Structures are given as structure tokens and as C-alpha cells.
Amino acid sequence: MSEAVLEVRDLHKSYGNGADRFDALRGVSLRVKPQESLAIVGKSGSGKSTLMHLLALLDRPTSGDVLVSGRNARDVRGGELNRMRNAEFGFVFQQFFLNAHASVLDNVMLPLVIAGVSRPKRKQRALEALDRLGLADKARNRANDLSGGQKQRVVIARALVNEPRVIFADEPTGNLDSTTGAEVEGMLFDLHREQRITLVVVTHDDDLAARCERRITMRDGLISDVSEVAA
Ligand SMILES: Nc1ncnc2c1ncn2[C@@H]1O[C@H](COP(=O)(O)OP(=O)(O)O)[C@@H](O)[C@H]1O
Ligand SMILES: [Mg+2]
């Protein structure tokens, strides 16, 4: 049996204290398998984004464990955790905005800057990623000057430029019209299929969830259902 790319064990996450405390996750255990596509669905407020943030090492749990390739994140210090996140994960999140005033190329190169890749290599790899998403001709444009769908494609180029093992997407089609949303969705699944990148997607979109190999449903901070989708 192959090792899980990511595993969480009895994860709890509470926000606030005392009377203001809210238990957003109340004991979640999950293994993400290598190269799978996993949808996380459920009503608004059920804990989907909280779970994804913990899986992606963007936040620490109140209790429970997060393991990345079998390594417990609890034992990893902040700086190294940041390097791990940058090296292993790509993000397609609405809240990870592009720098609107920087060029498309600079936006896509950012993870490589963090990783310490030399400038010529950064440029080459960022241009390759943009080319793959059909945006090579926009490299010099300011991010702000693109359409919504193009911006989301730049976000995907930035997510894959580091050749991550896992791409996390939180409502990747949420703010897009249905045609553009379908296009973005197609690109994510192409990457998943062609580069065998593990895909973890939070979505309200049934079509998007149906394309994933496995679906977990969150309800009130717990996993209420797990279903395998036939290939
Ligand atoms: N930083 C925070 N502070 C306080 N409450 C939060 C915070 N983040 C999320 N919550 C609460 O935790 C619950 C789960 O949120 P979230 O994981 O974002 O749900 P979902 O993504 O399923 O809509 C919600 O009730 C939300 O209001
Ligand atoms: Mg959410």
C-alpha cells in the first residue's frame, strides 16, 4: 500500500475563546492518496475551508495531527514548514490574489523566488507554465489588465510552476461564469491527469465534484459521507 500524500488524524479546530468559541472541526480523519482527485463538499460553514487550510499547512490545528508524506507537521518548525508548503503544494484560492500591479510573469515567478531559484531559471519555468495555459503572450501585461478567467489561469500557472505534488483549490470556479468556469475546471483536471498531480478541491459545484475520484461531505465540522466515484 502506498503511503498517503497527506493524512489528518482526529483533527479539531476551534476559533475564538470562552463564550465566543466555535468548533469548526470536531474530529476529522482522512488520508489523501497519491495522485487522486478529491472533492470536499458540504454546506457553507461546514468546515471545508478550515480543513483545507490545515491540510495545506496554512494553519495549525487546535488538536490532532497533520502528516505530509508520513511526516508529522507538529515536528516541523515554522521556516521549514513554509519551505515544505512552497515546495510541495500549489494553491488556487480566491483569497490568494494576484499582485494586481505586478506583471503576469512576476506573479507566476513568485513561488520560485521563495524557493530560491535563479532568475533565468525562474523566467524560463514561469514562461513554460504560462505557455501551458495559453497565456505566454500575456506575460508582460499587468495582472489587473486580464479578464477573470485569464486571472484564474494565471493563478493556476503560479500553482503549478513549482511542480507541486498537490494542488489545493478552494471554489476555483466560484466567481466565474459557467463557460469560463468549465474552462478552468478542464485545466485543473488536465494537470491532474497529465502530470499526476494530486488534486484537492473544495467546491459547491456538483459537476466539478463529480469529476473527482472521491468525494467527502462535511457537515458541522465532521465528515458525514465518503463516496468513491466510478471512473
Ligand atoms: N478565522 C475565523 N474566526 C472565527 N470563525 C471562523 C474563522 N474561520 C472560519 N470560522 C467559522 O468556522 C466555520 C467553518 O468555516 P469554513 O471552514 O470557512 O466553512 P466552509 O468553507 O465550509 O464554508 C464557520 O462557521 C465560520 O464562520
Ligand atoms: Mg469555504
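Small disclaimer: the values here were computed from a predicted structure and weren't measured.

Visitor: So what's going on with the overall build of the protein chain? Which residues, and what values?
Guide: Of regular secondary structure, the protein chain possesses seven helices and ten strands. Over its C-alpha atoms the protein chain spans a radius of gyration of 18 Å, differing by no more than 12% from the 17 Å that the globule rule assigns to 231 residues. Taken over the C-alpha atoms alone, the protein chain extends approximately 50 × 45 × 40 Å along its principal axes. When contacts within the protein chain are restricted to residue pairs at least 6 apart in sequence, those whose partners lie at least 24 apart make up 68%. Here the protein chain has roughly 11,300 Å² of accessible surface; of this, 46% comes from carbon and sulfur atoms.

Visitor: Can you lay out the site of ligand 1 for me, pointing to particular residues and giving the numbers?
Guide: With respect to spatial proximity, the complete set of residues near ligand 1 consists of Tyr15, Phe22, Ala24, Lys43, Ser44, Gly45, Ser46, Gly47, Lys48, Ser49 and Thr50. A distance of 3.2 Å separates an oxygen atom of ligand 1 from a polar backbone atom of serine 46. Lysine 48 is positioned with one of its side-chain polar atoms (N or O) 2.8 Å from an oxygen atom of ligand 1. Across the complex, the protein chains shield 58% of the 560 Å² of accessible surface that ligand 1 would expose by itself. Broken down by secondary-structure element, the contributors of at least two residues to the shell around ligand 1 are β2 (22-32) and α1 (48-55).

Visitor: Break down the packing of helix α5 (residues 148-160) against helix α6 (residues 178-195) for me, citing the residues and quoting the values.
Guide: Between α5 and α6, the least distance of the axes is 10 Å, while the angle of their chain directions is 15°. In terms of their interaxial angle, α5 and α6 are classed as roughly parallel. Read as a crossing pair, α5 and α6 show a hand that is right-handed. Seen from α5, the contacting residues are Gly149, Gln152, Arg153, Ile156 and Leu160; seen from α6, they are Thr180, Glu183, Val184, Met187, Leu188 and Leu191. A per-class count over the contact of α5 with α6 returns six nonpolar, three polar and two charged.

Visitor: Go over the pattern of salt bridges with me, naming the residues and quoting the values.
Guide: Under the counting rule described, the total for this entry stands at 13 salt bridges. The salt bridge involving aspartate 23 is made with arginine 21; its shortest N-O contact spans 2.9 Å. The shortest N-O distance in the salt bridge between glutamate 88 and arginine 165 comes to 3.9 Å. A residue pair is termed long-range when its members are at least 10 positions apart, and glutamate 88 in helix α2 (residues 78-88) and arginine 165 in the loop between α5 and β7 (166-170) qualify at 77 residues. In this structure glutamate 88 comes out as partly exposed when scored by relative accessible area, which is 21%. Within this structure, Glu7, Arg9 and Arg31 form a network of salt bridges that share partners.

Visitor: Talk me through the environment of glycine 16; I want residue IDs and the actual numbers.
Guide: Here glycine 16 is to be found in the loop between β1 (6-15) and β2. A relative accessible area of 45% places glycine 16 in the partly exposed class. In the structure, glycine 16 is positioned 175 residues away from leucine 191 in sequence and 38 Å away in space, judged by C-alpha atoms.

Visitor: How would you summarise α5 if you had to cite specific residues and measurements?
Guide: The terminal C-alpha atoms of α5, which comprises 13 residues, lie 19 Å apart, in line with the 18 Å expected from a rise of 1.5 Å per residue. Taking burial as the measure, the 13 residues of α5 include eleven buried ones, the bulk of the element. All buried positions along α5 are accounted for by Gly149, Gln150, Gln152, Arg153, Val154, Val155, Ile156, Ala157, Arg158, Ala159 and Leu160. Elements that come into contact with the buried residues of α5 comprise β6 (89-93), α3 (104-115), α4 (119-132), β7 and α6.

Visitor: Can you explain unusual backbone geometry? Please cite residues and give values.
Guide: A negative phi holds for most residues other than glycine; trans holds for most peptide bonds. A positive phi angle, near 45°, is found at aspartate 10, a position not held by glycine. Along the chain, aspartate 10 falls in strand β1. We classify aspartate 10 as partly exposed; its relative accessible area is 45%. Non-glycine residue arginine 196 carries a positive phi angle of around 55°. By secondary structure assignment, the location of arginine 196 is in the loop between α6 and β8 (198-202).

Visitor: I'd like a rundown of the nonpolar core, residues and numbers included.
Guide: Within the largest apolar cluster, 39 residues are counted, with the highest numbers of intra-cluster contacts made by Val92, Val108, Leu130, Ile156 and Ile167. Looking at this core, the elements with two or more residues in it are β3 (37-42), α3, α4, α5, β7, α6, β8 and α7 (206-210). Sort the elements by how many residues they give to this core and α5 lands first, with six residues. Contact partners of isoleucine 156, with chain neighbours within four places excluded, come to Val92, Leu133, Val184, Met187, Leu188 and Leu191.

Conventions we followed
Along each chain, residues carry numbers from 1 onward, in the same order as the chain's sequence is written. Here the convention is simple: chains get letters from A, ligands get numbers from 1, in the order in which they are written. Where totals are concerned, whole chains, interfaces and linings use all residues; where local detail is concerned, this predicted model gives features only for residues with pLDDT of at least 70, and gives and counts side-chain atom pairs only at 80 or more. Water and hydrogen atoms were dropped before computing side-chain values, which therefore reflect all heavy atoms in the structure. What counts as a helix is a DSSP run of H or I of at least four residues, what counts as a strand is a run of E of at least two, and both are numbered from the N terminus. Taken over C-alpha atoms, the radius of gyration is set against a globule rule of 2.2 Å times the number of residues to the power 0.38. Here a residue-residue contact requires only that any non-hydrogen atoms of the pair lie within 4.5 Å. For every accessible area listed, the method is Shrake-Rupley and the probe measures 1.4 Å; residues are considered covered only by the protein chains on display. In these notes, residues near a molecule or strand are those with any non-hydrogen atom within 4 Å of it. Distance and chemistry together define a polar contact, namely a pair of N or O atoms within 3.5 Å, with one atom able to donate a hydrogen and the other to accept it when in protein, and with adjacent residues in sequence counting only for side-chain atoms on both sides. Angles shown run from 0 to 180 degrees and are taken between the N-to-C directions of axes, each axis being a line fitted to C-alpha atoms and, for helices, limited to the stretch in contact. An angle counts as roughly parallel when it lies under 35 degrees, as roughly antiparallel when it exceeds 145, as roughly perpendicular when it falls between 65 and 115, and as oblique in every other case. Crossing handedness is read from the near helix: turned anticlockwise from the far helix by less than a right angle, it gives a left-handed crossing, and turned clockwise, a right-handed one. Under the scheme applied, nonpolar residues are Ala, Val, Leu, Ile, Met, Phe, Trp, Tyr, Cys and Pro; charged residues are Asp, Glu, Lys and Arg; polar residues are all the others, including Gly. Each reported salt bridge corresponds to a side-chain nitrogen of Lys or Arg within 4 Å of a carboxyl oxygen of Asp or Glu. In this scheme, a residue with accessible area under 20% of its type's maximum is buried, one over 50% is exposed, and one in between is partly exposed, where area comes from a 1.4 Å probe on protein chains only. Helix span, as expected, comes to 1.5 Å for every residue beyond the first. For this analysis, a nonpolar core means a set of buried residues of the types Ala, Val, Leu, Ile, Met, Phe, Trp, Tyr and Cys, connected via side-chain atoms within 4.5 Å.

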